[in-house]
Structure formats: structure tokens, C-alpha cells
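These are the residues of each chain, in order.
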Amino acid sequence: MTVAQEIKVTGHPTPPATFSGMVTDAEHNPLAGVSVNVKGTSKGTSTDPHGRFSIQAYEHDILVFSMIGYTSQSIEANKSFLEVTLSLSTQNMDEVVVVGYGSMKRADVATAIASVKPEKFNNAGNRDVRSLLEGKVAGLTVTRTEGSSPTSGVAIQLRGVVSINGSQSPLMVIDGIPGGNADLLRAEDIESIEVLKDGSAAAIYGSSANAGVILITTKRGQSGAPTIEYSSFVNRHYQTNTPRFLTADEYRSAMADLGYSASAYDRGGNTNMYQEILNKDNISHSHDLSVSGGNEKTVYRASVYYNNLEGIGKANEREQYGARMSLESKAYDDKLTFQSNLATNYNNMNMLGDEGWEAASRANPTNPMYNEDGSFYEDLSSDENKYARLFQQKYDRIQQTSSLDAKLIFEPLKDLKFSAFGSIQRDDQKNNKYYDKDSRTSINSYNGNGYAYKSSYLNTQYAFEPTIDYKYDLQDHHLSAVLGYSYRYQVEESFDATNYGFLNDANEENDIGSGSYLVDGKAGMSSSKEDQTLIAFFGRINYVYKDRYVLQTSLRREGSSKFGANNKWGNFPAVSFAWNVNNETFMRNISSTLSTLKLRVGYGVTGNSGIDPYQSMSTIGTGGYYLTDEGTWVQTYGPNKNPNPNLKWETKKEWNLGVDFGLLANRISGTIDLYRRKTDDLLLTGVTSAIPANIISTYTTNIGTISSKGIELTINTIPYSNEHFTWKADLLGSYTFSNTLDKFSNNAADYLEYGSIGGYGALGNAIRMYEGSNIGDFFGKRFAGFDENGEWLFYNAAGEKVSGSAITDQDKTVIGNGAPKYYLSFANYFQYKQFDLTIAFRGKFKFDVLNRQKMAYGNLKTLSSGYNVLKEAINDGLNASYQYSDYFLENGDFVKLDNLTLGYTLKQHNPKIPRTRLFVTARDLFTITGYSGENPEVDDTGLAPGLASYVSTPVTRNFTIGLNVQF
């Protein structure tokens, strides 16, 4: 908002008087609810429904008139009746958003793009910055699959499943670097995040953009005096919703009821192994320091950080530090601009505590923790002692990630720019494992001789992208265009070695060659290296007429080394049109009510090359060893992959129809997007090939079509606002009409299966996909009750009740679906003077969860095997064979209080005192659900959604205390 020129008054020679008046919009319609304040005082009022106001003030005082969606005005109180006109603010439409290879005014965008600024981030000690988008973009699913574990990331998906073997996650572009690494980002360094949701927006990125694009822009320096900013937080996780397994006494009673003698199961102890491996004293802390500044020629920003994050499990932590620096400098009469970013991150992770929750839960609770001699007790008939493992094993990962990019811009004419962008990104990982000689795994698997493992992985990505930008304005015509070339090269290398047979544990894996199995020829060693190249030519034209009609077209022609000789190249066109209806003359009379109305339609084609390299080529690899006549063993080589010269791109074609709207001077604004997308020529590996026409039994080919349809809604409101108090509320929702496998052709089978059930009973896979089926369909038996012996009965295809052994594959059917149909989030932002409060809810609806915990541990048959079970197994009395059916499917609908943040910003009475904000945040305070398991928020992305873990990483409530100081 802007404020008109003000007149400074230092005294009041006359007593206060009453000033009244009327406030109208540009069309002379009265405005109700306009705040009227006497500048520099606490006096204030607001206009009535007729736009009228009355206020006590001194003559020549400055009256400030403000209203959300309008440009503020400051008027001198120099007559008894004041007539004030407020004009609509163009702030929303003038907002600049980042698009592929450039930026545009929001009004000139004809595609579906969502923008998220830092003040809306879901920020509370997140390790992965993609969690900042949780519940912030309609249609974007972000799931923390491993809860509070600092060594895991998130699952992310936009507008449903678009591929089988190809990439499912959106392309991430950080400051222009395609495929940017999220580990190099901190929330404090991010300026904005844009999500290119539809095909017409993403098509300019071609085959990398099938699943959408996330553009992240980091902060840059500003001209002026240096600014120093320090941010810090302390975080703690509290475990909640513990799975209710039997205590030692309950276990003894249950085993006795089953007829077992105490000598068969009672070890005399009382141990809750699950509680023993919890890190109840976990503390995470983070520190970030940045400095920025510059002058009219050169600006800079640099930041350094350190954090130590502990999970809810023992031996599960991540210590990391890093730095980021950006520089921008102008020369040659501002015609030449140099921009550069350098970022690096070093982290040391303890991965040992990432697993073990199921084994700890099912352990015999009568097992003691220690033997009489103080050594760890091991139940040789069951799993290893998961607490002992924390002291006897090691699993560390050391990772260093770095990126460097530079851009040179030459602007010989005002609206003509030549740019050259280059980047390199490097991800270096080293894994180290060691099992002590006296560890259970070493004894069982390596004859008590210890085990050592070392591996390394290096991924290096190069990019070079020169572009030409041109703008042309002539009266009502505005044209902008970009033309470019893209070259990307990626190389991956890996190495690993294993050995065992160590004399002692002194050097662990650091002297891996000292193991005796190397001499015996039984040690393991392997390495690999592969590369891929992607080149493209691309262009985009954006035309705007009278700020009303927008036409945007783009084309990318791309070639990939991954595909067959007959299909190396693909074309990815896009076209979109927008009509800014609110700029039409016939809208003037209702502009105060319908302040923004924009209609959009777009069509775009994107591709998918997310498969391993060399899938189209005939390659050779190692086979067995051959004994020569001389008595020596020689390594053999032979073909290991069939060629497919016709292997080609997956191609997604997408239509998007959108409406952007604003009501009551944009106090209510939002977007509605309706989309239909279809991916043809799905890539699939492992397809059966004919022999002897081929040498190998399988190959990679294109096999079918996936489609999805849905609608997305975003509503941003300002229910109330005055000088001291503001309430903003955002509602986001999406509904998936369908996400189906429309076509499928495979020589070996009529369907694909996903979601291995695992566990007990060799139950196979839970999810089946066949032509015409929905993604995420659970396929299995229909529960019909129990017989007189307590065994299962199921319905066959004829509707008859039969035993489980009588059920054939023809009797099975779709019994549920694990992909939510509805996603909703509702966030409220309150500001009262120096206080701010955020209350955010999030929910998922109309989906099923396969409760595998109940399937395995709600059955007394498991107790008979010596494992612990859930208390409900005793209450329900289920004692039957292991079966997979709709009996174990539950409604997964839930609503959770996702984020509750209270902050206070210290009032600055002195400009020399730094701006300081304190805040406290609680995440996942409660969940409302009918699901009986640990957590209904299971991974709902990909091809196997809705499968709950047997025992998951513990569900937690997270509390954070933070500080931000700006000098």
C-alpha cells in the first residue's frame, strides 16, 4: 500500500473538533468498514454501512483511511466534512511470480501457478524444506513418512500418480539449477516458492516436468547498510499414541490361558523394549546467521548455519552445518550483470535408530535386559535385543552436498537481454557399518567374527543454459519472449566393500582389509558408474493486449541419451489463454464487489525420462567364473540387457481450466482449477520378452496409459482488519475425480501388483492394477465371518461363504482404495499489535488404510509363536490363520491440528535496538480420526498408498521455541 504526502503538525492551538465525512470507491459507491485513524494517536473509528464516519481530532491532524484491498490515503483534517475516495489496490495482480526461465506479473500469467511466501511456511524445525509446503498448495501432497526421524525426508506428489516406473515427484529448481538438492536449503534462506501445477506452466521443462515443477528462489542482498540476522530454535519430540502390546504380566497370563507351561516362555524379566529404545530426552537445536547489504552496483548475502537434530529413537540423529552466499554485481553502465550462488552442506547422520520398532514391540516382555554377568541377554529363538544393538552396531552416513551457479546477463538495449547460466551440483555420500564380534547379528550370520561395510556414492550434475529475453511494448500491446538452449549432464559413481573375520573390534570398518575373509576370497566388493545426457531447445512467447487478454505459448524440443535410436527426441508444446475480465469497462460498476476476475485455459505436454540409463541398449555384464584348462578361474562376460530401439518418452497431455477471483476489494480472493491429464506410453521395466528372438527374458518398453481428473480450490480471506488487529484465513482443498490405469499391455500378465504385505503368512501384495482400475485399489478377499472353529469365512464370486482355502483368484475383487479423494487445510493467521498467532488444521478424507499391525499382532496365533501381541488380540480372541481381506481395512479419514504458533515481536522504541521476535510452536497436537492404529497419515503417494507399517516410527507431538533477531 502507498501513503499520500503527509503534513506534519507539531501543536494544537485550538480544542479538538468533530470531523465527519464519507468514503467511497472510484465509482462513488460507499465503502463500509474503512478504518479511520488519527495519525500518531490511538484514536480511531470505522465507516458505517453507508460509508459515513465521525471522529474527534484537532484541526490539521492527519487522518489515515485504510482498508484491505484499497490504497491507503492520508488526509489533513482541515474542514468539517471530508469526502475521501479510495482506489483499488493492484497489489495482487502486480505481484511478480517466478515462472520457468523468468518472472511475470501475476496479471500476465495464463497458467496454474501457486506461490508461497515465507510468512505462510509451515515452519517448525523441519529438516526437509519441502515440509514447508505441507497444506499450503492445493493438489500438492507432502507426507512425512518417517515422522520425526531427522535422517529421512518426505514423500511429495502433485495431482496424483502420473507414471509407473518414471519419476513421481516434482522437479525441484533452485535458483535456476534443475534437479536442485533440498539438503542445500534452509527455510531462513528462501524468498519464495512457486509450484507450476499444470502442463502449460511446466512444459518448458520438458521431460523433467511430468510430475510438476517446484521453483525455489533464495534471498539476495539489498542495497543499503549491512543487515545482520540471527535465527535459532530448540525443538523436542514427545511420543504419543503408543501401540498397546501386552505387559510382562499380561503376557504370562495370556500364554497360560493358551495352555503353555511357564518354562516354555517365561524368562523371568519385565522389559518394555519399545520404551527402552525411545530417546525421551531428545533435544534438537538450530542456529542460522546471515549478513546482507551492498550498494547500487553490488549486493551480497551470506549465511552460515549449524544444527543438531535428534529423533524420537535412540541412535537417530543428524548433525549438520553449511553456508550459502549470493553475489550480484553490475558494470558497464549497468548493461552487464553478474550473479552467483555458492552453497554447501555437511552432515553426519546416525542411521542405526531408523528401524527396530516392530521387533522391539513384539519381543517377549519377560526377557531380561541383561544376563547375570552383565552382558546383554539374547533370546535366540526370536529377534535380536534391539537395545543391545545400539551399543554393538554402527551405521553412519557422512554426506557433503555442494552447488555453484553463475549467470552473466548482457543488456545491450533496454528490453533485450542475453544470458548464460551454468551450474554444478555435487552430492557425496559415505556409509559405514560395523557389527561387533559379540553382537547377535555377527554371531548368527558371520560366525562371531564381526562384520564391516563401507560404501561411497557420488552424483555430479552439470547444467549450461544460455537464453535470450526480449520485451516489446507499444501502447496496448505487450510482448515478451524467451529463447534458450539447455545442456545437462549427470554422472553417478558408487563403490562398496564388505569383509568379516576380524581379530577384534578396535578399528571397526576403518581397517576393512584386516578381515580374514578377504584372504579366503569370501569378502565382497563392487562398483558402478553410469551417466546420462539431456539437451534441449526451448522458447516461450507471452502476449498481453490492453491488460485484458493474455496468450502464452511455449515449445521445448528435447533429446535424451536414455531412449532408443528411433525416439531420441521429443516435442513438448504448450499454449494457454487468460482473460482479465475485471479490466473490462463493463465491470467498472461492480469493481468494488467483484474486484478481480480472471479466466484461464491451458494445454501442455510434458514428458518423463525417469528411468535408469542404458535401458534401450544391449549391454554386457559379468557372469559366473570359468575354470580354464590351466586350473585358474576366469571371470565371464555376456549380454545382460535386451535392446529396444523403439523405447520412447512417456508423454503427459494436460488440460487446465482456471478461475482467479477477488471479492469485496480482494478481502476474499482465490483460485479454482479443474484439470484433466493423461500420460501415454508408460515406461515399464521387467516386461517379458520372447526367447530366442531375445537373449534376456525381460526388457524395458512402453506399455499403457494413466489418467487423472480433479479440481482444486484455494480461498484467501481477511475476515477482519483494523489498526491493531488483523485476521487472515486460508482454505485449501482438492478432490480427485479419478486416477486410473486406462490401458495396459504386458506379455506376461494382465495386471501389476504393488504393496508387499510382508510379515506373517506369505500373503503377497495388497494392491493390484489392471486395465481400467483405480490407482491404489486394494485387491483381495471379502470377509464373511468365522466358522464354528473360529476360522475365516470369505465370499466367493457367487456370494457364498467359503473357507479361505477355497478362495481362488477369480473370487477376489477390489475391496478398498488407499489414495485419499479429498485433501483439506484451513489456516488462520492473527495479528494483534506485537502478537501473532497461527492455527492450522489439515485433513485427508475418503480413503482406506490397511492396518497391518492388527493383521499380524491382533491375532493370538502370533502369541503362540512366542511373539508379543496387541491387547486387542486378547479382548477380541481372534486365533485364526493369517489372511488378507477387507476385515483389516479401516477408514483413514482424519483431521489434525497441524501447527499452532504464538509469536511476539518486541516493539522498537529505539531504531538502535534490534528487531526481535520470539515464538513457540506446537506441531501435531491432536488428530481426530476413527482409525484404530497408530497413525492414519500413512504414505499416500505412489502406486502403493494406504499401507500402515506393522509398527511405525513413533507418533510424536513436537514443541519448538524460537528466536529471530535482526540488526
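Keep in mind it's a predicted model, so treat the numbers as computed, not measured.

A.B. asks: Looking at this structure, I do not really get the overall build of the protein chain. What am I missing?
C.D. replies: Tallying secondary structure elements over the protein chain gives 12 helices and 52 strands in all. The C-alpha radius of gyration computed for the protein chain amounts to 32 Å, which stays within 12% of the reference 30 Å derived for 967 residues, consistent with globular compactness. A principal-axis box enclosing the C-alpha atoms of the protein chain has dimensions of 105 × 65 × 65 Å. Within the protein chain, the fraction of its 967 residues that count as buried is 50%. Across the protein chain, every contact between residues at least 6 apart in sequence was considered, and the portion connecting residues at least 24 apart equals 69%. For the protein chain, the accessible surface area stands at approximately 42,800 Å², while carbon and sulfur atoms represent 53% of it.

A.B. asks: Before we go on, may I ask you to explain the nonpolar core in this structure?
C.D. replies: One broad trend across soluble globular proteins is that nonpolar side chains are buried collectively. Core analysis: the biggest nonpolar cluster contains 39 residues, and Ile 757, Ala 766, Phe 778, Leu 850, Met 855, Tyr 857 and Tyr 884 have the highest contact counts within it. At the level of secondary structure, the elements contributing two or more residues to this core comprise α5 (273–276), α6 (357–362), α7 (386–392), β39 (765–770), β42 (792–795) and α10 (852–857). Per-element accounting of this core gives the leading share, 3 residues, to α10. In this structure, Tyr 857 is in contact with Phe 245, Glu 358, Arg 362, Tyr 760, Thr 862, Asn 868, Val 869, Leu 870, Ala 873 and Tyr 950, ignoring residues within four places of it in sequence.

A.B. asks: For this particular structure, what's the right way to read the sheet that holds strand β16 (residues 213–218)?
C.D. replies: The 5 strands are arranged β10-β15-β16-β13-β14 in an open sheet whose pairing can be described as mixed. Looking at which strands have only one partner, the edges of the open sheet turn out to be β10 (113–116) and β14 (177–178). Two elements, strand β15 (residues 190–196) and β16, share 6 bridges in a ladder whose sense is antiparallel. The residue bridging Ile 193 from the neighbouring strand is Ile 216, located in β16.

A.B. asks: For this particular structure, what's the right way to read the packing of aromatic side chains?
C.D. replies: For any pair of aromatic rings, the description consists of the separation of the ring centres together with the inter-plane angle of the planes. Using the criterion set out here, one finds 45 aromatic pairs in the structure. Centroid distance Tyr 760 to Tyr 882: 5.3 Å. Interplanar angle 20°. Geometry classified as stacked. One end of the pair, Tyr 760, is in the loop between β38 (751–756) and β39; the other, Tyr 882, is in the loop between α12 (871–876) and β48 (889–891), with 122 residues separating them in the sequence. Taken together, a centroid distance of 6.1 Å and an interplanar angle of 85° make the contact between Phe 786 and Tyr 887 edge-to-face.

A.B. asks: Would you take a moment to explain the pairing of strand β26 (residues 524–545) for this structure?
C.D. replies: Every regular strand shows the same layout, with side chains that alternate between the two sheet faces. Sheet topology note: the strand β25 (residues 477–500)/β26 ladder contains 22 bridges and is antiparallel. Residue pairing for β26: Val 482 is matched across the bridge by Arg 540. Both β26 and strand β27 (residues 549–560) contribute to a ladder of 12 bridges, which runs antiparallel. Within β27, the residue paired with Arg 540 across the bridge is Ser 554. Counting the residues between successive antiparallel strands, the hairpin from β26 to β27 contains 3 residues, one of them, Lys 546, with a positive phi of roughly 55°.

A.B. asks: Mind showing me how you'd approach the pattern of salt bridges here?
C.D. replies: Two side chains with opposite charge may pair up if their charged atoms get near one another. This structure, assessed with the given rule, holds 51 salt bridges. We note a salt bridge from Asp 189 to Arg 301, for which the minimum N-O separation is 2.9 Å. Taken as a pair, Asp 189 in the loop between β14 and β15 and Arg 301 in strand β19 (residues 298–310) lie far apart in primary sequence, 112 residues in all. Across this residue pair, the class does not change: Asp 189 and Arg 301 are buried.

A.B. asks: Any chance you could explain unusual backbone geometry here in plain terms?
C.D. replies: What is expected of a backbone is that most residues other than glycine have negative phi and most peptide bonds are trans. In the Ramachandran plot, Lys 546 falls in the positive-phi region, its phi being about 55° despite a non-glycine side chain. Its place among the elements puts Lys 546 in the loop between β26 and β27.

A.B. asks: Looking at this structure, I do not really get helix α3 (residues 248–257). What am I missing?
C.D. replies: A turn of α-helix holds 3.6 residues, and therefore any two residues three or four places apart point the same way. Taken as a whole, α3 has its buried residues at Ala 248, Tyr 251, Arg 252, Ala 254 and Met 255. The buried residues of α3 occupy one face: seen down the axis, they fall within an arc of 170°. Turned more than 90 degrees from where α3 packs its buried face, Asp 249 and Asp 257 sit exposed. Of the surrounding secondary structure, the elements contacted by the buried residues of α3 are α4 (262–265), α11 (860–864) and α12. Directly after α3, the chain includes Gly 259, whose backbone phi takes a positive value near 95°.

A.B. asks: Any chance you could explain the side chain of Ser 163 here in plain terms?
C.D. replies: Structurally, Ser 163 is set in the loop between β12 (155–158) and β13 (171–174). In this structure the side chain of Ser 163 is engaged in a polar contact, spanning 2.9 Å, whose partner is the side chain of Glu 650. The residues contacting Ser 163, other than those within four sequence positions of it, are Gln 168, Asn 608, Glu 650, Leu 682, Ile 706 and Leu 943.

A.B. asks: How should the sheet that holds strand β2 (residues 35–38) be read in this particular structure?
C.D. replies: Consider a sheet: its strands pair through backbone hydrogen bonds, and that pairing is either parallel or antiparallel. Ordered by their spatial adjacency, 4 strands build an open sheet running β3-β2-β5-β6, and the pairing between neighbours is antiparallel. For this open sheet the edge positions go to β3 (44–46) and β6 (73–76), each flanked by a neighbour on one side alone. For this sheet the average axis-to-axis angle between neighbouring strands, irrespective of direction, equals 25°. Of the strand pairs in this sheet, strand β5 (residues 62–66) and β6 are connected by 4 bridges, and their pairing is antiparallel. Looking at β6, one finds that Leu 63 is bridged to Ile 75.

A.B. asks: Is there a simple way to explain the environment of Pro 692 in this structure?
C.D. replies: Tracing the sequence through the fold places Pro 692 in the loop between β34 (683–688) and β35 (698–702). Since its relative accessible area comes to 78%, Pro 692 is described here as exposed. Along the backbone, Pro 692 and Gly 224 are 468 residues apart, and their C-alpha atoms lie at a distance of 74 Å.

A.B. asks: Teacher, can you tell me more about the environment of Pro 639 here?
C.D. replies: When you line up the elements, Pro 639 lands in strand β31 (residues 633–641). Note on Pro 639: relative accessible area 41%, which makes it partly exposed. Spatially, the C-alpha atom of Pro 639 lies 56 Å from that of Met 255, the residues being 384 residues apart in sequence. Discounting chain neighbours no more than four positions away, the residues touching Pro 639 are Thr 619, Ile 620, Ile 695 and Ile 696.

A.B. asks: Sorry, what's going on with a nonpolar patch on the surface here?
C.D. replies: Where nonpolar side chains cluster on the molecular surface, the patch consists of Leu 551, Val 575, Phe 577, Val 601, Trp 655, Leu 657, Leu 674 and Phe 737 and spans about 670 Å² of accessible area. With respect to the helices and strands, the residue Val 601 is situated in strand β29 (residues 594–608). Judged by its relative accessible area of 32%, Val 601 is partly exposed.

A.B. asks: How should the side chain of Arg 540 be read in this particular structure?
C.D. replies: By secondary structure assignment, the location of Arg 540 is in strand β26. Within the structure, Arg 540 has its side chain in polar contact with the backbone oxygen of Gly 100 (distance 2.5 Å). If sequence neighbours within four positions are ignored, Arg 540 has contacts with Val 99, Gly 100, Tyr 101, Gly 102, Met 104, Ile 204, Ser 480, Ala 481, Val 482, Gln 552, Thr 553 and Ser 554.

A.B. asks: Explain the confidence of the model for the protein chain here, please?
C.D. replies: Any residue range with low pLDDT should be treated as having predicted coordinates unsuitable for detailed reading. With 96% of its residues at a pLDDT of at least 70, the protein chain reaches an overall mean of 90. Considering only residues more than four positions removed or in separate chains, one finds that residues 1–11, a stretch of pLDDT under 50, has 17 contacts.

A.B. asks: Looking at this structure, I do not really get the environment of Asp 848. What am I missing?
C.D. replies: Among the secondary structure elements, Asp 848 is positioned in strand β47 (residues 848–850). When the C-alpha positions of Asp 848 and Asn 817 are compared, they lie 5.5 Å apart, and in sequence the two are 31 residues distant. With residues up to four places along the chain from it excluded, the contact list for Asp 848 reads Phe 778, Gly 816, Asn 817, Gly 818, Leu 889, Glu 890, Asn 891, Gly 892 and Gly 946.

Reading the values: the criteria
- Residues numbered from 1 in each chain as written.
- Predicted model: local features only at pLDDT ≥ 70, side-chain atom pairs only at ≥ 80, totals over all residues.
- Heavy atoms only, no water.
- Helix = DSSP H or I, 4+ residues; strand = E, 2+ residues; numbered from the N terminus.
- Rg over C-alpha atoms; globule rule 2.2 N^0.38 Å.
- Buried < 20%, exposed > 50% of the residue type's maximum accessible area, 1.4 Å probe, protein only.
- Contact = heavy atoms within 4.5 Å.
- Areas by Shrake-Rupley, 256 points an atom, 1.4 Å probe, with all protein chains shown as cover.
- Core = buried A, V, L, I, M, F, W, Y, C linked by side-chain atoms within 4.5 Å.
- Pairing = 2+ DSSP bridges.
- Phe/Tyr/Trp six-rings, centres within 6.5 Å; stacked < 30°, edge-to-face > 60°.
- Salt bridge = Lys/Arg side-chain N within 4 Å of Asp/Glu carboxyl O.
- Arc of directions from axis to C-beta.
- Polar contact = N/O pair within 3.5 Å; in protein donor to acceptor, adjacent residues only side chain to side chain.
- Axes fitted to C-alpha atoms, helices over the stretch in contact; angles between N-to-C directions.
- Patch = residues over 30% accessible without salt bridge, like charges linked within 9 Å, V, L, I, M, F, W, Y side chains within 5 Å.
- pLDDT = per-residue confidence, 0-100.

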